[in-house]
Amino acid sequence: MDIVLVTTIIASLFLVIAAADPLAAYLRLPYSVILACLGMLIGVAAIFFLRTELTDALNPVAEAILALPIRSNVFLYVFLPTLLFQVTLGVNPRRMLDDWVPILVLAVVAVVVATLAVGYALSAASTLPIAACLLIGAIVSTTDPSAVVGIFRSISAPRRLSRIIEGESLLNDAAAIALFGLFMGFVRLGMPDPTLSDAFAQFPILIAGGALVGWLAARIAVWVMAFFARFELALISVSVALPYLAYIGAEQSVGASGVIAVVAAGLTLNLTGPARLPPVAWANLREVWNLLAHWAGALIFILAALLIPRLLEEVRASDFILIVVVTLAAVVARALILFGLMPLLSALRLSPVVERPYRAAILWGGLRGAVTLALALAVTESFRVPLEVKRLVGILATGFTLFTLLVQGTTLRWVIGRLGLDRLSPLDAALSNQVVAVALQTVREDVARVSENYELTRETVRSEAKRFGERLDGAVKAAEDNAAISDRDRITLGLIALAGAERDTILARFRERAISARLSEQILTEADRLIEAARTGGRTGYQRAARKSLRYDRAFRVAVVLNNRLGLAGPLARMTADRFEVLLSQRLILRDLSGFIDKRIRRIHGRRVAELLHELQTRRIERVETALEGLRLQYPGYAEELERRFIRRTALRLEAREYEAMREDGLIGSELYTALVQEIDVRRLKAEERPKLDLAVQKAELVRQFELFSGLDERSLKRLTRALRTRYVDEDDVIVQRDSAPKSVFFVASGAVELETANQTWRLGRGDMFGQMAILMQKPRRTEVRAIAPSTLLVLDEARFVKLLKRSKGLQEAVRATAEKRGLSNDAFTLPDLVAPKA
């Protein structure tokens, strides 16, 4: 084939891709539907000009289009890894973990259910063997929800819902292709009736093997990319190689799922890359992948659509009945998941509540596309598959894909309109009138100022002011007519706006490189949780989410166990340093939001709502300060090092801004500007390095701060430091339960706890101890102890406490003081005799 002609055709396809986006916007149709239609038109036109007798001038072009080397391997090995890898870089893995149950239900359970439903329905309606029917079910079970996600974003649907659909798109193809590989193997081997146990026995191996290969490949790639950190193009080149090597390595080397390998590699890079790579390089890497995925997604749709006329050449009248069977079975299977299983998961609080209109939109928006056609093409290319199976696979997969694209895709926006999802809620509609009135008042003041500064014609200004005033009066009247927004709703809307402003501030700090990329994603995750919590739970939900953001998560607790029991301090030191930096960043960001409340929220929602938001914000700042102060006490000096690092990074940012302004003003040339920026980059790399946190040294210093241990010699202090275990507790955690056996004594290193016994309550803070009286009295505990703030406790077991009590006069005096405070006589307990410390 002439390379010039092929190059011309490929270049022309890029022109088609360029025209598809504005055409989709003009026709208000999904982008994938437009691409598929254009691809089919090109294929039909090529067949027409090749067979018509009207002209032979276009025959070479038509022959070249129909002879393009479009094979299933091109889709599966070239385009699919690109699409999947880009999606993994664009999602937030931490937020996906919050919704892993609904994501897995839609992505895995729904695929299995659709495969079985289509397979058995087709088996009952045709003479195909069950293995071939299940193969067709796996082919048509993969969905492309990009259309419904795009529409959900345009109508401001809940972010959590869009994220669940995106998570489905990430894992859906992996599950469907894994099932396809299983049943394709049975069809090639001539096993017409495999049992489900035979089919699904290999499924875990495919998943686990692919995940392991992807994770290992990504870890190696991240190490290499960190080594090339100064060379951005080299770094991006390594990222381009990663998904293909992971896919081929899993498929060809270990016989696992290449799709799972690509997903695992992308998620691993997404989690570890921001911490190891320069922020600018990471941002540019994602931009490059966005462009690659855009081209790959468009080409895979167009090239797959070119195949549709050929795949339908041998269609028969009886095949249309089977297409209807496949369509009905697939739609019913998806409806069972959305309207049967999803509400059950919501009732069990394993999934967010998805309202019925949104579930209907997701059902109708389950389009099929290029992946379905690529898998069908792979079947038609296999010489081991019987001819009739090839023919029916190509026709049924193509017919079902056409139904989803041409029927569901073209009517999706109309369905969403009929469901009322494109209209504002009554609350938002009432609020919009007030927002417009406030905005127009501000605009009137700014326009008057501009008119005065430019000395515009008085008559022109007067006529325009009159016209604008009429619009303002109408907006004010509409706002007064809809003023019946309750204070509760105003507080909810104010909290949503406040959390949104917090998110914008975090992004601005990240762009200014005041916050690292990895930690900015963590803080952004918390801001997203605040928005969703305020939207669903109002003030109570917002406060609950704010408190939860300060809690020690499961990974932190695992790191504590590794440190205390195995002596592995690295994970705990890293997470503690992260917590330090996150708390410092949160404190600065929260202080910046006071101006937003006064300047923006007060004008829309009034003084009372603004004052309440100020109060809630003050409480959040106090909680952050408490948590930060606890870390300061536990690790003195480390917070100051982080603050110095923040100041250095801020100074470098401002310095770079000044140089850029000087270049734009023509005060310095490009050569000098480049040299100055390179110097700043070198200093910025040094400033990015975080000071090392030594847990062992800090723990020893923490023990020395307790007055209870002031009488111990140096040797005893070292022995005590080794014996003490660190325990981190969150607000409202129960530390000691009533009637439990006394086994340990607790020392409060930071935070605060509350003791409750016999209708009496005591609060203890840093330097206090509890749990000792039950041990000395040899009775079950009569006190319940609960943390009232995130706290750090040092724990000593009973035997070591008794030994320590024999050697510390100060500790014995503290025990007596505690007993006297609680009204216990000295006869109620027995203190051991003091023993002089050994020389």
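For clarity, every value in this text was computed on a predicted model and none was experimentally measured.

So, on to the overall build of the chain. Secondary structure assignment for the chain yields 32 helices and eight strands. Here the chain holds 839 residues, and 50% of them are scored as buried. For the chain, restricting intrachain contacts to residue pairs at least 6 apart in sequence, the fraction spanning at least 24 positions comes to 79%. Only carbon and sulfur atoms are counted for the fraction: they give 57% of the accessible area of the chain, which is about 40900 Å².

The subject of this paragraph is the side chain of glutamine 543. Of note, glutamine 543 is situated in helix α22 (residues 517-548). Aside from chain neighbours lying at most four places away, what touches glutamine 543 is Leu616 and Arg619.

A separate point is the environment of phenylalanine 770. Mapped onto the elements of the fold, phenylalanine 770 is located in strand β6 (residues 769-770). The sequence separation of phenylalanine 770 and threonine 818 amounts to 48 residues, and the corresponding C-alpha distance is 8.9 Å. Among all residues touching phenylalanine 770, those that are not within four sequence positions of it are Ile735, Val736, Val745, Phe746, Val748, Val753, Leu755, Leu764, Val785 and Leu793.

With 74 residues, the main nonpolar core has Ile139 and Phe180 as its most contacted residues. Dropping the residues within four chain positions of it, isoleucine 139 is found in contact with Phe180, Thr372, Leu375, Ala376, Val379, Val393 and Ala397.

Before going further, it helps to examine the pattern of salt bridges. According to the stated counting rule, one finds twelve salt bridges in the structure shown. In this structure, arginine 529 engages glutamate 526 in a salt bridge whose closest nitrogen and oxygen atoms are separated by 3.0 Å. In this pair, arginine 529 and glutamate 526 are both assigned in helix α22, three residues apart and thus about one turn of the helix distant. Classification of arginine 529 by relative accessible area gives partly exposed; the value is 22%. Here glutamate 655 makes a salt bridge to arginine 683, at a shortest N to O gap of 3.0 Å. Of this pair, glutamate 655 sits in helix α26 (residues 638-664) while arginine 683 is found in helix α27 (residues 670-688), placing the two residues 28 residues apart along the sequence. Overall, arginine 683 belongs to the partly exposed group, its relative accessible area being 32%. Connected via shared salt-bridge partners are Asp319, Glu388 and Arg391.

Here the structure, examined in full by the defined rule, presents seven aromatic pairs. Ring geometry for phenylalanine 746 versus phenylalanine 770: centroids 5.0 Å apart, planes at 10°, classification stacked. Here phenylalanine 746 is found in strand β3 (residues 744-750), whereas its partner phenylalanine 770 is found in strand β6, with 24 residues between them in sequence. This pair shows no difference in class: phenylalanine 746 is buried, exactly as phenylalanine 770 is. Through a chain of ring-to-ring contacts, the aromatic side chains of Trp223, Phe227 and Phe228 assemble into a single cluster. Positioned above the aromatic ring of tyrosine 673 is the side chain of arginine 663, whose terminal nitrogen or guanidinium carbon lies 4.2 Å from the ring centre.

The subject of this paragraph is a nonpolar patch on the surface. Taken together, Leu212, Trp215, Leu216 and Ile220 make up a surface patch of nonpolar side chains, about 420 Å² in accessible area. Topologically, leucine 212 is positioned in helix α11 (residues 203-227).

With that settled, consider the side chain of arginine 653. Its place among the elements puts arginine 653 in helix α26. Arginine 653 sits in the buried class, given a relative accessible area of 16%. Ignoring any residue separated from it by four or fewer positions in sequence, one finds arginine 653 in contact with Glu512 and Arg684.

The four strands are arranged β1-β8-β3-β6 in an open sheet whose pairing can be described as antiparallel. One side of each edge strand has no neighbouring strand; the edge strands of this open sheet are β1 (725-729) and β6. Judged from the two bridges that link them, β3 and β6 form a sheet pairing that is antiparallel. Counterpart to phenylalanine 746 in the pairing with β6 is phenylalanine 770.

Now for a positive patch on the surface. Together, Arg715, Lys718, Arg719, Arg722, Lys803 and Lys806 make up a region of like positive charge exposed at the surface. Only α29 (714-723) and α31 (798-807) provide two or more residues apiece to the positive patch. At four residues, α29 tops the list of elements feeding residues into the positive patch. Taking the relative accessible area as the measure of exposure, arginine 715 reaches 54% and is therefore exposed.

Right, let's talk about unusual backbone geometry for a bit. Unlike most non-glycine residues, arginine 28 shows phi in positive territory, near 55°. Within the secondary structure, arginine 28 sits in the loop between α1 (3-27) and α2 (31-51).

The subject of this paragraph is helix α24 (residues 570-605). The largest bend along α24 measures about 40° and falls at isoleucine 597. Phi turns positive one or two residues past the end of α24, at glycine 606, with a value near 95°.

On to the sheet that holds strand β5 (residues 760-764). Ordered in space as β2-β7-β4-β5, the four strands form an open sheet in which the pairing is antiparallel. Each edge of the open sheet carries a strand with a single partner, namely β2 (734-736) and β5. Here the strands of the sheet are splayed against their neighbours by 30° on average, with no regard to which way each runs. As paired strands, strand β4 (residues 753-757) and β5 are joined by five bridges and run antiparallel to one another. From the neighbouring strand, valine 753 faces β5, where its bridge partner is leucine 764.

With that settled, consider the packing of α2 against helix α3 (residues 59-66). Where α2 meets α3, the closest approach of the two axes is 8 Å, and the angle between their N-to-C directions is 130°. Relative to α3, the element α2 is oriented oblique. Helix-helix and strand crossings are classified by hand; for α2 and α3 the assignment is left-handed. Touching Ile42, Gly43, Ala46, Ile47, Phe49 and Leu50 of α2 are Asn59, Ala62, Glu63, Ile65 and Leu66, all from α3. Along the lines of polarity and charge, the residues of the contact of α2 with α3 split into eight nonpolar, two polar and one charged.

Turning our attention to the pairing of β3. Judged by how many residues are buried, β3 sits mostly within the fold: seven of seven residues are covered. Here β3 pairs with strand β8 (residues 791-797) via six bridges, running antiparallel. Within the sheet, the bridge partner assigned to phenylalanine 746 lies in β8 and is valine 795.

To continue, consider the packing of α1 against α2. A packed helix pair is summarised by two numbers, namely the angle formed by the two axes and the spacing between the axes. The contact between α1 and α2 brings their axes to 9 Å, and the two run at 130°. Taken together, α1 and α2 sit at an angle that is classed as oblique. Handedness of the crossing formed by α1 with α2: right-handed. Touching Leu13, Val16, Ile17, Ala20, Asp21, Leu23, Ala24 and Leu27 of α1 are Tyr31, Ile34, Leu35, Leu38 and Ile42, all from α2. Grouping the constituent residues of the contact of α1 with α2 by class yields twelve nonpolar, no polar and one charged.

With that out of the way, let us pick up the environment of leucine 495. By the element assignment, leucine 495 lies in helix α21 (residues 487-511). In this structure, the C-alpha to C-alpha distance between leucine 495 and isoleucine 531, residues 36 residues apart in sequence, is 7.6 Å. Residues contacting leucine 495, with those up to four places away along its chain left out, are Ala534, Gly538, Arg539, Tyr542, Leu613 and Leu616.

What counts and what doesn't
Residues numbered from 1 in each chain as written. Predicted model: local features only at pLDDT ≥ 70, side-chain atom pairs only at ≥ 80, totals over all residues. Heavy atoms only, no water. Helix = DSSP H or I, 4+ residues; strand = E, 2+ residues; numbered from the N terminus. Buried < 20%, exposed > 50% of the residue type's maximum accessible area, 1.4 Å probe, protein only. Contact = heavy atoms within 4.5 Å. Areas by Shrake-Rupley, 256 points an atom, 1.4 Å probe, with all protein chains shown as cover. Core = buried A, V, L, I, M, F, W, Y, C linked by side-chain atoms within 4.5 Å. Salt bridge = Lys/Arg side-chain N within 4 Å of Asp/Glu carboxyl O. Phe/Tyr/Trp six-rings, centres within 6.5 Å; stacked < 30°, edge-to-face > 60°. Lys NZ or Arg CZ within 6 Å of the ring centre and 35° of its normal. Patch = residues over 30% accessible without salt bridge, like charges linked within 9 Å, V, L, I, M, F, W, Y side chains within 5 Å. Pairing = 2+ DSSP bridges. Lys, Arg positive; Asp, Glu negative; His and termini not counted. Charge placed at Lys NZ, Arg CZ, Asp CG, Glu CD. Bend = angle between axes of the 7 residues up to and from the residue. Axes fitted to C-alpha atoms, helices over the stretch in contact; angles between N-to-C directions. Parallel < 35°, antiparallel > 145°, perpendicular 65-115°, else oblique. Left-handed = near helix turned anticlockwise from the far one by under 90°. Nonpolar A, V, L, I, M, F, W, Y, C, P; charged D, E, K, R; others polar.

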